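Here is what each chain is made of, one letter per residue.
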Amino acid sequence: MEKNRKDEQLEQFRVDDRDQKLTTNQGLKVTEDEFSLKAGVRGPTLMEDFHFREKMTHFDHERIPERVVHARGFAAHGEFELYESMNQYTKANFLTDTSKKTPVFVRFSTVVGSRGSAETVRDVRGFATKFYTDEGNYDLVGNNMPVFFIQDAIKFPDFVHAVKPEPHNEMPQAASAHDTFWDFVANNQESAHMVMWAMSDRAIPRSFRMMEGFGVHTFRFVNAEGVAHFVKFHWKPLLGAHSLVWDEAQKISGKDPDFHRRDLYESIENGDFPVYELGVQILAEEDEFKFDFDVLDPTKIWPEEDVPVKLIGKMTLNRNVDNVFAETEQVAFHVGNVVPGIDFTNDPLLQGRLFSYTDTQLIRLGGPNFHELPINRPVCPFHNNQRDGYHRMTINKGPVSYHKNSLANNTPATSTPEEGGFEHYQEKVEGRKVRNRSDSFRDHFSQATLFWNSMSDIEKEHIIDAFSFEVGKVKNKDVQQQVVDMFANVNVDLATKVADAVGANPPTGGGSDVTKQSPALSQENMVKKPDT
Ligand code: HEM
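- Going by an unreviewed UniProt entry, the protein chain carries the name Catalase and comes from Paenisporosarcina quisquiliarum.
- For the record of the protein chain, the UniProt heading Sequence similarities (unreviewed entry) holds the text "Belongs to the catalase family. HPII subfamily."
- The Catalytic activity (unreviewed entry) comment attached to the protein chain in UniProt states, word for word, "2 H2O2 = O2 + 2 H2O".

Notes on unusual backbone geometry
- Here the bond from Met171 into Pro172 is cis, since omega is -10 degrees, no more than 30 degrees from zero.
- For Pro172, the position within the fold is in the loop between α3 (156–163) and α4 (179–187).
- For His391, which is not glycine, the phi dihedral falls at a positive 60 degrees.
- With respect to the helices, strands and loops of the structure, His391 is situated in the loop between α9 (348–364) and α10 (446–453).
- Among the residues examined, His391 registers 12 C-beta atoms within 10 Å and is labelled exposed.

Some words on the pairing of strand β3 (residues 125–133)
- The buried fraction of β3 amounts to nine of the nine residues, a majority that puts the element mostly inside the structure.
- Side-chain alternation along β3 places Arg125, Phe127, Thr129, Phe131 and Thr133 on one buried face and Gly126, Ala128, Lys130 and Tyr132 on a second face that is also buried.
- Where strand β2 (residues 101–110) meets β3, seven bridges bridge the pair, whose relative direction is antiparallel. Across the sheet, Val106 pairs through a bridge with Thr129, a residue of β3.
- Following β3, the chain reverses through two residues before pairing antiparallel with strand β4 (residues 136–143).

Here we look at the site of the ligand
- Around the ligand sit 27 residues, and of these His70, Arg107, Gly126, Ala153 and Val216 come closest.
- Of all elements in the fold, only β2, β3, β4 and α9 reach the threshold of two or more residues within the shell around the ligand.
- The element best represented in the shell around the ligand is α9, accounting for eight residues.
- Within the shell around the ligand, the residues separate by chemical class into 13 nonpolar, ten polar and four charged.

Considerations on the UniProt feature "binding site: heme" (unreviewed entry) in the protein chain
- Per the UniProt entry, the sites bearing "binding site: heme" (unreviewed entry) are Arg67, Arg107, Phe156, Arg353, Tyr357 and Arg364 in this numbering.
- Secondary-structure assignment places Arg107 in strand β2.
- We classify Arg107 as buried; it has 24 C-beta atoms within 10 Å.
- In this view, Arg107 contacts Gly73, Ala75, Gly126, Ala128, Thr328 and Val331; residues no more than four positions away in its chain are not counted.
- Inspection of the secondary structure assignment puts Arg353 in helix α9.
- Look at Arg353 and you get buried, because 20 C-beta atoms sit within 10 Å.
- With sequence-adjacent residues up to four places away left out, Arg353 is seen in contact with Ala153 and Val335.

Here's the deal with helix α7 (residues 259–269)
- The set of residues buried in α7 consists of His260, Arg261, Leu264 and Ile268. Projected down its long axis, α7 carries its buried residues within an arc of 100 degrees, all on one side. For α7, the exposed residues set more than 90 degrees away from the buried face come down to Glu266 and Glu269.

Focus: the nonpolar core
- Core analysis: the largest hydrophobic core is formed by 108 residues, its most contacted members being Met196, Val483, Phe487 and Val498.
- Looking at this core, the element that brings in the most residues is helix α5 (residues 192–198), giving six residues.
- When sequence neighbours within four positions are dropped, the list of residues in contact with Val483 reads Trp182, Val185, Ala186 and Val471.

Analysis parameters
Residues numbered from 1 in each chain as written. Predicted model: local features only at pLDDT ≥ 70, side-chain atom pairs only at ≥ 80, totals over all residues. UniProt positions renumbered as here; feature names shortened; annotations may be inferred. Helix = DSSP H or I, 4+ residues; strand = E, 2+ residues; numbered from the N terminus. Buried ≥ 20, exposed ≤ 12 C-beta atoms within 10 Å, placed from the backbone. Pairing = 2+ DSSP bridges. Near = placed C-beta within 6 Å. Nonpolar A, V, L, I, M, F, W, Y, C, P; charged D, E, K, R; others polar. Contact = placed C-beta atoms within 7 Å. Arc of directions from axis to C-beta. Core = buried A, V, L, I, M, F, W, Y, C linked by C-beta atoms within 7 Å.

So this is what it looks like as structure tokens:
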């Protein structure tokens, strides 16, 4: 297979130990690797045994912390090709030049389970893509569902504490079948739409090759003239989206907890490369307030009938990793890794993510130099005045390491936008400093109901079964009742059947929380431009 720029770069770091002499890390050849150095054949091991000490110390430090979420993952290399130039909307060169093949690295994951957990559990799946573009790394850190459980990043630690195993007994390991998860849902009704997706067959995909991906947030495209559009990203697998059925998923979890990685690995080894098309939904800035939901709300989709998905390119995964730890575990995705032509919006979930990823990687990957790890290096040059820190690999030359100096003329200079320098989109921002949520984020049920209504009868049956199974495991009867009452706002038939299955009372209807009342989808309810 032809090597792309990332393959060539990784080649410099690959080591083949076959046919080599065994040495210590200092390069010293060793004569013996099975017996430690002892005082007498039956005597104690000696402190002097540097070979034993080095080997054991390295082993003792082999593990790094698993990701705080998305710990269980599997990845592959590939490339992205563009169908047509998007220069009308963005100046990102990997989206304007159809002759380019951009190397990519994709990591799929479950969210809740720990590193060794089973892969076919009911859960959201991560779908994170690193594009090694000529202008720097661009990361599209998405999921296989188009919305999320919460609207504001400040709730993320609470949400994750509620979905992870319960703290007093670490049970259950990886499922939404427990009191804390459903208690969180009932107390955070913005989760309704995402919970519908999580209880649907989308949460038990048959294969990573048959899974859609979504950027979830609204991002911005900015073109060479500085004109911006809102954009949502989609991945559509050429094989289509397929799911397991619950009984099948549970059996596979027991028989082959590695089911999804085995499927991806073997397909790629067999040359049966998975292909995903990249789709975009594009919205003009002047259309921001034309919907009955807020386009910045990550619990909402943009209906595809209103804003069609345009397929603009395809990604082929064509090479397995050489080493899972070096590549899959050490890769660091960050929603804040952007290139000129792609920018953020004020989605309050996205804004918080912009902080969280680098922060967590500083501890997970042991300090500030994880960008130097082979899998994380951009394929274009990187130069700045950052220095030192744990595990620094670069040897920066020269006496000066600060911007604007008159002692040396060799420190890196900034670039103009014409030269490829990143310029933040100059959005006008005005308003009072407040700690609350815009009223335009308050309808939590209309799209959940639209989702339910779009399901076929068998899909509805699966959703009822999933709710009944998961909520049925909840021990606290009040929590069960709150969930039943909450989902009556999505569909009364759904809630009644779940109530019946779990032994709760029939739903009481809307409940007391004003956010439970879904305004009807109508022109009067269109989101108004907020007063500043
Ligand atoms: C991983 C935080 C929402 C997709 C992670 C990690 C953190 C995190 C700390 C571990 C990263 C690492 O150790 O390298 C957050 C926060 C969120 C949020 C604070 C909301 C405020 C989302 C959303 C999506 C998403 C909405 C999807 C659109 C992912 C994926 C990974 C991940 C795919 C795994 C990346 C990999 O494979 O290495 N997130 N996340 N997250 N997150 Fe989020």
